[in-house]
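Fold and geometry: a report
Below are the chains, spelled out letter by letter.
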Amino acid sequence: MEPSDAELVRRVRTGDIGAYGVLVSRYRDRLGRYAVHMIGDHEDAEEALQDTFVRAYRSLERCDAERFGAWLYGILVNRCRTTGARAARRRKMFVHDADALNGASHADHTDRVEWTDTVDRALARLAPEYREAFLLKHVDDLEYEQISELTGAGISALKMRVKRAREQLQQYLREAEHV
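Before going into details, it helps to say that this report is about the structure given with it. What you see is a predicted model; the values in this text were computed from it and never measured. (Residues numbered from 1 in each chain as written. Predicted model: local features only at pLDDT ≥ 70, side-chain atom pairs only at ≥ 80, totals over all residues. Heavy atoms only, no water.)

**Quick word on helix 3 (residues 42-58)**
With 17 residues, helix 3 extends 24 Å between its outermost C-alpha atoms, agreeing within 8% with the 24 Å of an ideal straight helix rising 1.5 Å per residue. Residues Asp 44, Ala 45, Ala 48, Leu 49, Thr 52, Phe 53 and Ala 56 constitute the buried set of helix 3. Regarding helix 3, its N-cap is Asp 41, as a side-chain oxygen of that residue lies 3.1 Å from the backbone nitrogen of Glu 43 further along. (Helix = DSSP H or I, 4+ residues; strand = E, 2+ residues; numbered from the N terminus. Expected span 1.5 Å × (residues − 1). Buried < 20%, exposed > 50% of the residue type's maximum accessible area, 1.4 Å probe, protein only. Polar contact = N/O pair within 3.5 Å; in protein donor to acceptor, adjacent residues only side chain to side chain.)

Set out below in structure tokens:
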């Protein structure tokens, strides 16, 4: 049986650095997917994720070991907000056209890849607070109480954000089908 997060946190606090590696491995993929969806850029998402793990390690003494996962998510949510805002400022200064940069058409992509790109573009169009609530609810499958703890928003506000995100995504995807 694998050790719990709380047990691993206790081991790290007593000097077992390898235990932190287990925690990183346990959360890396899920947190990475969240970061990519929130920020929209793999490099910026990786930066936010790495920063999250470094900050968590440095602050591990202040963590409630029983709630490590939620605490770690909270750090990532804040890093994504900061990184996303910085990336948005950077995008305003530069034109970013992936097709032009690659210099090739992507006609050979499969339908699945095209659909994923369409969904990613639709998610990117959402207001950050809608995208955040939607991803935490439907991608990370968190309960509203957990999302409220992570974001600081009230449960009714989160429900409305998720509802509006769904409505906007439906609209954006319908528009994409007609293009």
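**With respect to the pattern of salt bridges**
Scanning the entire structure with this criterion turns up 12 salt bridges. Because the salt bridges share partners, they merge into one network encompassing Glu 2, Asp 5 and Arg 26. (Salt bridge = Lys/Arg side-chain N within 4 Å of Asp/Glu carboxyl O.)

**Details of helix 7 (residues 128-139)**
Tyr 130, Arg 131, Glu 132, Ala 133, Phe 134, Leu 135, Leu 136 and Lys 137 are the residues of helix 7 that are buried. Among the residues trailing helix 7, Asp 141 stands out with phi positive, at a value near 55°.

**Considerations on the packing of helix 2 (residues 17-39) against helix 7**
Think of two packed helices as two axes; the pair is described by the angle between the axes and how far apart they sit. One can describe the packing of helix 2 onto helix 7 by two numbers: an axis separation of 10 Å at closest approach and a directional angle of 155°. Between helix 2 and helix 7, the interaxial angle falls into the category roughly antiparallel. Note on packing geometry: the crossing formed by helix 2 with helix 7 is right-handed. Contacts between helix 2 and helix 7 involve Tyr 34, His 37 and Met 38 from the first element and Pro 128, Arg 131, Glu 132, Leu 135, Leu 136 and Val 139 from the second. When grouped by side-chain class, the residues that make up the contact of helix 2 with helix 7 number six nonpolar, one polar and two charged. (Axes fitted to C-alpha atoms, helices over the stretch in contact; angles between N-to-C directions. Parallel < 35°, antiparallel > 145°, perpendicular 65-115°, else oblique. Left-handed = near helix turned anticlockwise from the far one by under 90°. Contact = heavy atoms within 4.5 Å. Nonpolar A, V, L, I, M, F, W, Y, C, P; charged D, E, K, R; others polar.)

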